[in-house]
Amino acid sequence: MLLIESVVEMMEQKKRVYLDYAASTPVDERVFQAMLPYFAQIFGNSSSVHFFGQSTEAAIERARKIIAKLINAESAEIIFTSGGTESDNLAIKGVAFARRKNDGCNHLLISPVEHPAVLQTARQLSELFGFELEYIPVDSFGRVSPSEVASRLRRNTALVSVIYANNEIGTINDIASIGHLCRMNGVPFHTDAVQAAAHLPIDVVRENVDLLSIGSHKFYGPKGVGALYVRQGVNVIPIITGGAHESNLRAGTHNTPYIVGLAEAFQLTQTELIQRNARLVPLRDMLIAGVLEKISGAQLTGHPVERLPNHASFVFEGVEGNTLLAMLDVAGFACSSGSACKSGTPKPSEVLLAIGLPPAMAMGSLRVTLGVDTRMDDIESFLSVLPSLVEKCRKLK
Ligand SMILES: *Cc1c(COP(=O)(O)O)cnc(C)c1O
């Protein structure tokens, strides 16, 4: 209690501007309210036969139906997980293991700009489980070209995974075309839509995807809950084994309040998408234009047009990204950089290296992501302090 109070007090002392919505978002008040009855009132174990279990199960099935409808899927195709990371793990490991067992397929194709939840999972499959991992090259915007996928598909390709919209540089991929190619070749296709789901309409039929990951805390839902869409007929071996929950694909008693929160948040997000984006895009564009105009040696990373509506990301020549982040924090602005390393020797981001940036340039990255509480004057005040902080960083080097 003391700690929370002191944090709240510190937040109130100084005006702080949160510009890191790609890292996480606050829970929408409507979502919070929807979750509340499922802690102490409707608390049964969804596997129980009695009334208490039935009430919980009904809530979970309602949530499943809501999510399925929003992405043009069937209820039976939605598997609840503990978040985006677990969804990615279940998709990659689950399909890889099933494809090897059933079809003898051993080859994995992923892009080099995947979130670590995909990248590290595929690497583990290669290092410990004998899968052959191949990377699909990306262009300087971080986009995967369908022809690069086509030329790498093999008879023994177990799975293709390409991120829908990139968390670091905001670039949106042509998922429908890549999915079409995979479908024509009979290779299961997974996409990590954890960032995309917060800002883009999702349609698993139109986009030809077989597996799709979402995570609730990127769209104003609670942390620690997500879902994986698994197209009917796609074989997946469970990673978390135990009871028969989630069509035998994910064991463990359901986290009912969080599943309810996930569905509520996803529904609100997808319903309010057009209005939210209409407000965010001009703010994002003002931010990007302002940074490029005011700061010499600044470069936008990611695609200029095919990018998330709330996402701005840059590299600055002669700047150490973590130093800039720390200075911004002191000035009251919460942003992020590409180098995920919080302490120790920072390494340049793999994503920025994959798009061809020299390591020294990749070290000077900054990600600014906007959300429902971002106002025009937040961007104005951010633009008024950033140039001098970048200058200060350059002098330190
Ligand atoms: C946040 C994120 C994840 C991980 O999701 P968690 O719910 O935090 O585990 C995976 N992929 C992308 C693209 C993300 O942005």
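Below: a short report on this structure. (Residues numbered from 1 in each chain as written. Predicted model: local features only at pLDDT ≥ 70, side-chain atom pairs only at ≥ 80, totals over all residues. Heavy atoms only, no water.)

### Brief notes about the sheet that holds strand 8 (residues 226–230)
Our working rule: We call two strands paired when DSSP finds no fewer than two bridges between them. Only DSSP runs of H or I with at least four residues qualify as helices, and only runs of E with at least two residues qualify as strands; both kinds are numbered from the N terminus onward. Orientation is described by axes fitted as lines to C-alpha atoms, over the contacting stretch for helices, and by angles from 0 to 180 degrees between their N-to-C directions. The criterion used for residue contact is that any of the two residues' heavy atoms lie within 4.5 Å.
With respect to topology, seven strands assemble into an open sheet ordered 2-8-7-6-5-3-4, the strand pairing being mixed. On the outer flanks of this sheet lie strand 2 (78–81) and strand 4 (132–135), each paired with one strand and no other. Between one strand and the next, the sheet's axes are offset by a mean angle of 20 degrees, whatever the strand orientation. Sheet strands in contact with helix 8 (residues 175–184) are strand 5 (157–161) and strand 6 (189–192), and its direction is about 160 degrees off that of strand 6.

### Considerations on the packing of aromatic side chains
One pair of aromatic rings is described through two measures. These are the centre distance and the angle between the planes. Threshold: Ring geometry is summarised as follows: Phe, Tyr and Trp rings, the Trp one being its six-membered ring, pair when their centres sit within 6.5 Å, and such pairs are stacked at plane angles under 30 degrees, edge-to-face over 60 and tilted between the two. For the exposure calls, accessible area comes from a 1.4 Å probe over protein chains only, and a residue counts as buried if that area is under 20% of its type's maximum, exposed if over 50%, partly exposed in between.
If you walk through the whole model with that rule in mind, you get ten aromatic pairs. Ring geometry for F43 and F52: centres 5.7 Å apart, planes at 45 degrees, overall tilted. Accessibility expressed as a relative area gives 52% for F43, which makes it exposed. On the numbers, 5.9 Å between centres and 80 degrees between planes, the contact of F51 with F52 is edge-to-face. When its relative accessible area of 60% is taken as the criterion, F51 is described as exposed.

### A short note on the site of the ligand
Inclusion rule: Proximity is defined per residue: any heavy atom of the residue falling within 4 Å of a molecule or strand makes that residue near it. Any pair of N or O atoms that falls within 3.5 Å is considered a polar contact. Within protein, one atom must be able to donate a hydrogen and the other to accept it, and sequence-neighbouring residues count only if both atoms are side-chain atoms. Here the Shrake-Rupley method, with its probe set to 1.4 Å, supplies the accessible areas, and only the displayed protein chains count as covering residues. Buriedness for pockets is judged along seven lines, at least five of which must meet protein on both sides within 12 Å for an open set on the 1 Å grid over protein atoms alone, while cavities are sets there where a 1.4 Å probe fits but cannot get out, and lining residues have an atom within 4 Å of a point. Whether a molecule sits in a cavity or pocket is decided by its atoms, more than half of which must lie within 2 Å of the grid points. Classification convention: Asp, Glu, Lys, Arg as charged; Ala, Val, Leu, Ile, Met, Phe, Trp, Tyr, Cys, Pro as nonpolar; all other residues, Gly among them, as polar.
Around the ligand sit G83, G84, T85, D88, H115, I163, N167, D192, V194, Q195, H217 and K218, and those are all the residues in its vicinity. Within the side chain of T85, a nitrogen or oxygen atom sits 2.6 Å from an oxygen atom of the ligand. Within the side chain of Q195, a nitrogen or oxygen atom sits 2.7 Å from an oxygen atom of the ligand. Coverage of the ligand by the protein amounts to 87% of the 380 Å² it exposes when considered alone. When each cavity is represented as a set of grid points, the ligand is found to reside in the second largest pocket. Of the residues forming the shell around the ligand, the biggest block, three residues, is contributed by helix 5 (residues 84–103). Broken down by class, the residue content of the shell around the ligand amounts to two nonpolar, seven polar and three charged.

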